[in-house]
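The residues making up each chain are set out below.
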Amino acid sequence: MLQIDNVRKSFGSLEVLRGVSLKVNQGDVAAILGPSGSGKTTLLRCLNFLETAGGGTMTFDGESFQMDRMTRKDMARLRKKTAFVFQDYNLFRNKTALENVTEGLTVARKIPRIEAEETARRALDKVGMLDRAGRYPHQLSGGQQQRVAIARAIAASPEIIYFDEPTSALDPELTGEVLSVMRRLADEGMTMLVVTHEMGFARTASNKVVFMEDGLVVEAGPSRDFFQNPAEERSRAFLRTVTAAGAVE
C-alpha cells in the first residue's frame with residue numbers, strides 16, 4: 001500500500017532523515033518508535049507533504065513518485081487518500097466539533113453540506129463525541145479535542161491515517177480515552193502509521209514496529225519480535241530504558 005525508499009531530509013546543514021525506507025501494508029498498524037530527535041515526526045510530515053523531502057521515492061497504491069519532485073496536483077491527490085492527526089489537535093478554535101469535522105469534507109472534497117454533516121455526525125459518534133458536537137474546542141478537554149481530530153480524520157475515509165504522537169500533550173487519564181479509540185480503529189482494520197511514545201499501545205495494538213535513531217531505521221519488523229527479542233543492541237538498550245521507566249505495559 002505504502003512504501004518509501006531512501007527518504008532524506010535536511011534543515012540547512014542538519015541532516016534529519018538519512019535514507020529512511022519502510023513498507024506499510026493495508027491493515028497494518030505500524031508504530032514508529034525512537035528517542036527524541038530521531039526524525040520520526042519529520043518523516044511523517046514528509047509523507048503527508050507538510051515538509052518537502054530532499055530525496056527518496058514513495059510508492060502509494062502502486063504509483064511511484066520522486067518525493068523531492070512532487071507536483072501540487074499529485075500531492076493534493078495523495079492527501080485525499082490520507083489523513084493526519086497532530087500532537088496539538090489542530091482544530092479551528094472558532095468552530096464547533098461538528099464544524100471542525102465537516103469543514104474538510106465541504107471545502108477540500110466538495111461534499112454537499114447536508115451529506116458532510118451526516119458523515120461528520122457518524123464519525124463523532126464513532127469516537128464517542130456526538131453528544132458534544134455543538135461545543136467549541138475551549139469547552140472540551142484535551143482528550144476530547146483529540147477525539148474530534150480523529151473523527152475529522154476518519155470522516156474523510158482515508159486509506160491510511162498518520163498519527164504524530166497523538167497523546168503527547170495529554171495526562172494519563174485522557175491518554176487512555178484516545179488510545180482506546182485508536183485501538184478500536186486498529187481492530188476494525190484501519191491502516192495507521194503512528195509515531196508514539198506509548199510503548200503499551202505499540203506492544204498491544206500495533207503489528208509492526210519501526211525503530212529509528214539519528215535519522216535512520218535501526219530495526220523494523222513484527223511488534224512481537226521487537227518487544228520479545230529485538231535484533232539490534234540499540235533496540236535492546238532502548239527497551240531497557242523504557243521498561244525501567246515503566247513505559248511498557
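Residues numbered from 1 in each chain as written. Predicted model: local features only at pLDDT ≥ 70, side-chain atom pairs only at ≥ 80, totals over all residues. Heavy atoms only, no water.

## Comments concerning the sheet that holds strand β5 (residues 63–66)
Now for step 1: Across the sheet, four strands lie side by side as β2-β1-β4-β5; this open sheet has antiparallel pairing. Taken across any chain shown, the strands that pair with only one partner, and hence form the sheet edges, are β2 (14–24) and β5. Between one strand and the next, the sheet's axes are offset by a mean angle of 20°, whatever the strand orientation.
Now for step 2: Bridge analysis of strand β4 (residues 55–60) against β5 gives four bridges, and the strand direction is antiparallel. (Pairing = 2+ DSSP bridges. Helix = DSSP H or I, 4+ residues; strand = E, 2+ residues; numbered from the N terminus. Axes fitted to C-alpha atoms, helices over the stretch in contact; angles between N-to-C directions.)

## Looking at the sheet that holds strand β10 (residues 216–222)
Now for step 1: What the six strands build is an open sheet, ordered β6-β7-β8-β3-β9-β10; its pairing is mixed. Among the strands making up the open sheet, the edge pair consists of β6 (82–85) and β10. Strand-to-strand, the axes of this sheet are offset by a mean angle of 15°, without reference to chain direction.
Now for step 2: Both strand β7 (residues 160–164) and strand β8 (residues 192–195) contribute to a ladder of four bridges, which runs parallel. Within the sheet, the bridge partner assigned to F163 lies in β8 and is V194.

## Brief notes about the pattern of salt bridges
Now for step 1: Summed over the entire model, instances satisfying the criterion amount to 12 salt bridges.
Now for step 2: Across the pair R234 and E213 runs a salt bridge, and its minimum N-O distance is 2.6 Å. Pair noted here: R234 is in helix α9 (residues 233–244) and E213 is in strand β9 (residues 208–213), with a separation of 21 residues, a long-range link.
Now for step 3: In the salt-bridge network here, residues are joined through shared partners; they are E63, D74 and R77. (Salt bridge = Lys/Arg side-chain N within 4 Å of Asp/Glu carboxyl O.)

## Comments concerning the packing of helix α4 (residues 113–126) against helix α5 (residues 142–155)
Now for step 1: Axis separation between α4 and α5 bottoms out at 8 Å; the angle between their running directions is 130°. The angle between α4 and α5 falls in the class oblique. Taken as a pair, α4 and α5 cross one another with a handedness that is right-handed. Contacts between α4 and α5 involve T119, A123, L124 and K126 from the former and V148, A151, I154 and A155 from the latter.
Now for step 2: Looking at the contact of α4 with α5, its residues break down into six nonpolar, one polar and one charged. (Parallel < 35°, antiparallel > 145°, perpendicular 65-115°, else oblique. Left-handed = near helix turned anticlockwise from the far one by under 90°. Contact = heavy atoms within 4.5 Å. Nonpolar A, V, L, I, M, F, W, Y, C, P; charged D, E, K, R; others polar.)

## A closer look at the packing of helix α3 (residues 97–107) against α4
Now for step 1: Where α3 contacts α4, the axes come no closer than 8 Å and their chain directions differ by 130°. One element, α3, and the other, α4, form an angle in the oblique class. With respect to the hand of their crossing, α3 and α4 are arranged in right-handed fashion. Contact residues: α3 offers A97, L98, V101, T102, L105 and T106, while α4 offers R113, A116, E117, T119, A120, R121, A123 and L124.
Now for step 2: Class assignment of the residues belonging to the contact of α3 with α4 gives a composition of eight nonpolar, three polar and three charged.

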